[in-house]
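# Coordinate analysis (summary)
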Amino acid sequence: STQAKMRTSTVTLSILVMSLTGANNPVTKQMKENIEDISRFLKLELISDVKKNNGYIGESLKLTKKSANNILDYVEKSMTETSDKVQKTFETLTQGLTQNFKEIQNKSTSNLNTLQKLITDNEITITDAFTKNLNSIVEKVEARMKQHEDFMTTSVAVCAEAFSHMSRGTVRYASVFMDSVLIKGTSPVSEVLDPKSGEFVVPPGGDGIYHISYGALIDTMSPRTGMSQARMPPRFAVKSSQGNRITIHEASQIWATVGVKNQYKDLVPASRAITLNLRAGDIISLEQINNHAEQAYRLTFCVHLVHPTLVSSVTWEKLPISTVPELNIATTYVEPILQDFQVGDLKPTNTKPIIHIPVMSPLQSPKSRFVGGGSAEPSSPEILNPHSMIGGVLEGSGNGNGYE
């Protein structure tokens, strides 16, 4: 630099002045040699090193600037690339989330609509099945109630009488003094007890348990003479004809063998009752079963339906068994198909800049004895050692090496 050149010139001028003042002095000779050494040092080593140092500094500045520009360019490109990748990632994420939300919404709407239709169909099925069962139950209950009404309005009560009866066979009557017959609330067309034939026929719909009773005044002693005096007291019994089976019910028999020989005081009252289970078409009559029997008087014959029963004429309506409707419980849920998305690598792909540092050649001046502080023995203490002077000048510089 300029300051270094001025300092070097000052030292050189001082040395020249000292050399002119005593050219023949041995010290002067020594100083001349030293000056020559210093000159050679300055020309061959120090100046060369200063040039190298200045070149190194200049190259370092260029490389530093270039490296700084490369670093700034790398940072800018990396930030731009990373920003683009982040923005693209967010766009992909937003697009994927939007599509997934739409997919979930569409599938949820579809599932709800399908479920609503399924519920509606099942409600219709339940309503139809309930209505059908209810109608069937109401129909059967009405039929059952009608049957109960029919039973409640079914009654048979008939009675007939005859003044006397003597012959063997069926008792015939002079009149029917009670005739109350209702079958399901309706009177039958024909008579159920015919007084001329003496037979009671169970009407259709009149199946049930019947109470049959009769009574008579039995003549036990015959007032006749001769052969007529041998007549026996009459014997009565109830006869039933059920299909092809004819039965004389012994439990219903009555007769009498006691009395007095008085045609007015030998009449014995007798009666009997029996209960039979009869069906429609069965025939009931009162029979006198003795031959050559004496007369009987004031005969009465009554048939009364005690309790209608379930027989051929009536079939109870069975109440329907409620059935559980078949519901459609198939799974209708459809799983939404969601799109997967992955976040890519956000690291920049730019190549990192390479920092170049210049290689400085080794300096020669640090190896010199002048820089190392070496000096010769002075011959006179009054004359300054030029090495110390150079060293002082160099040490007085602002950067420590005498060059800027």
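Above this text is the structure in question.
The shown structure was predicted, so the numbers you read here are calculated from the model rather than taken from an experiment. Here the residue numbering is sequential within each chain, running from 1 through the sequence in written order. Only residues with pLDDT of at least 70 are given local features in this predicted model, and only at 80 or more are side-chain atom pairs given and counted; all residues enter the totals for whole chains, interfaces and linings. As a rule here, side-chain values cover all heavy atoms of the structure and leave hydrogens and water aside.

### Quick word on a nonpolar patch on the surface
Patch building starts from residues that exceed 30% relative accessible area and form no salt bridge, then joins like charges within 9 Å and nonpolar side chains (Val, Leu, Ile, Met, Phe, Trp, Tyr) within 5 Å. Throughout, the Shrake-Rupley method with a 1.4 Å probe supplies accessible areas, and for residues the shown protein chains are the sole cover considered. Salt bridges, as used here, are contacts in which a Lys or Arg side-chain nitrogen is within 4 Å of a carboxyl oxygen on Asp or Glu. On the surface, a nonpolar cluster with roughly 490 Å² of combined accessible area is contributed by Ile71, Val75, Met79, Ile355 and Ile357. Runs of H or I in DSSP of at least four residues are treated as helices and runs of E of at least two as strands, each being numbered from the N terminus. As for its position among the elements, Ile357 is in the loop between β11 (296-308) and α3 (369-372).

### Quick word on helix α2 (residues 26-152)
If you check α2, its first and last C-alpha atoms are 176 Å apart, about what 127 residues at 1.5 Å a residue would give, namely 189 Å. At Leu42, α2 is bent by approximately 45°, the largest bend along its length. Expected span of a helix: the number of residues minus one, times 1.5 Å. The reported bend at a residue is simply the angle between two axes, fitted to the 7 residues ending at it and to the 7 residues beginning with it.

### Brief notes about the state of the cysteines
Only a pair of cysteine sulfur atoms within 2.5 Å counts as a disulfide in this structure description. Under the defined criterion, the tally for this structure stands at one disulfide. Each disulfide pairs two cysteine sulfurs, and for Cys159 the partner residue is Cys302, the sulfurs being separated by 2.0 Å. Around the S-S axis, the bridge from Cys159 to Cys302 shows a dihedral of about 125° and counts as right-handed. Of this pair, Cys159 sits in strand β1 (residues 155-165) while Cys302 sits in strand β11, and the two are 143 residues apart along the sequence. The pair Cys159 / Cys302 is uniform in exposure class, with both members buried. Exposure is judged per residue with a 1.4 Å probe applied to protein chains only, and the accessible area is read against the type maximum: over 50% gives exposed, under 20% gives buried, and values in between give partly exposed.

### Points about the packing of aromatic side chains
The pairing test for Phe, Tyr and Trp rings, Trp by its six-membered ring, is centres within 6.5 Å, and the orientation test on the planes gives stacked under 30 degrees, edge-to-face over 60, and tilted for anything in between. Per the counting criterion, the structure on display carries three aromatic pairs. Taken together, a centroid distance of 6.2 Å and an interplanar angle of 75° make the contact between Phe163 and Tyr297 edge-to-face. On the criterion of sequence distance, the pair formed by Phe163 in strand β1 and Tyr297 in strand β11 is long-range, its members being 134 residues apart. Take Phe163: its relative accessible area is 56%, and that puts it in the exposed class. Between the aromatic rings of Tyr173 and Phe301, the centroid separation amounts to 5.8 Å while the plane-to-plane angle is 10°, which identifies the pairing as stacked. Separated by 128 residues along the polypeptide, Tyr173 in the loop between β2 (169-170) and β3 (175-182) and Phe301 in strand β11 bring together distant segments of the chain. Taken as a pair, Tyr173 and Phe301 share a single burial class, namely buried. Geometrically, a charge over a ring is one whose NZ (Lys) or CZ (Arg) sits within 6 Å of the ring centre while staying within 35 degrees of the ring normal. The aromatic ring of Trp255 is capped on one face by Arg235, whose charged end is 3.8 Å from the ring centroid.

### Structural notes on the nonpolar core
The nonpolar side chains of a soluble globular protein tend to be buried with one another. What is meant by a nonpolar core is a set of buried Ala, Val, Leu, Ile, Met, Phe, Trp, Tyr and Cys residues, joined one to another through side-chain atoms within 4.5 Å. Judged by nonpolar contacts, the single largest core of 29 residues is most densely connected at Phe200, Tyr210, Ile212, Phe236 and Phe301. Secondary-structure elements contributing two or more residues to this core are β1, β6 (208-219), β7 (236-242), β9 (267-278), β10 (283-288) and β11. Among the elements that make up this core, the one with the highest residue count is β11 (five residues). A contact between two residues is defined here by any heavy atoms of the two lying within 4.5 Å. Apart from the residues within four sequence positions on either side, Phe301 is in contact with Val158, Cys159, Ala160, Tyr173, Leu193, Ile212, Ser213, Tyr214, Ile284, Ser285 and Leu286.

### Here we look at the pairing of β10
The buried fraction of β10 amounts to five of the six residues, a majority that puts the element mostly inside the structure. Sheet topology note: the β2/β10 ladder contains two bridges and is antiparallel. Looking across to β10, one finds that Gly169 is bridged to Gln288. Criterion used throughout: strands pair if DSSP finds at least two bridges between them. Bridge count between strand β5 (residues 199-201) and β10: three bridges; the pairing is antiparallel. For Phe200, the partnering residue across the bridge sits in β10 and is Ile284. When β7 meets β10, the two strands line up antiparallel, connected through six bridges.

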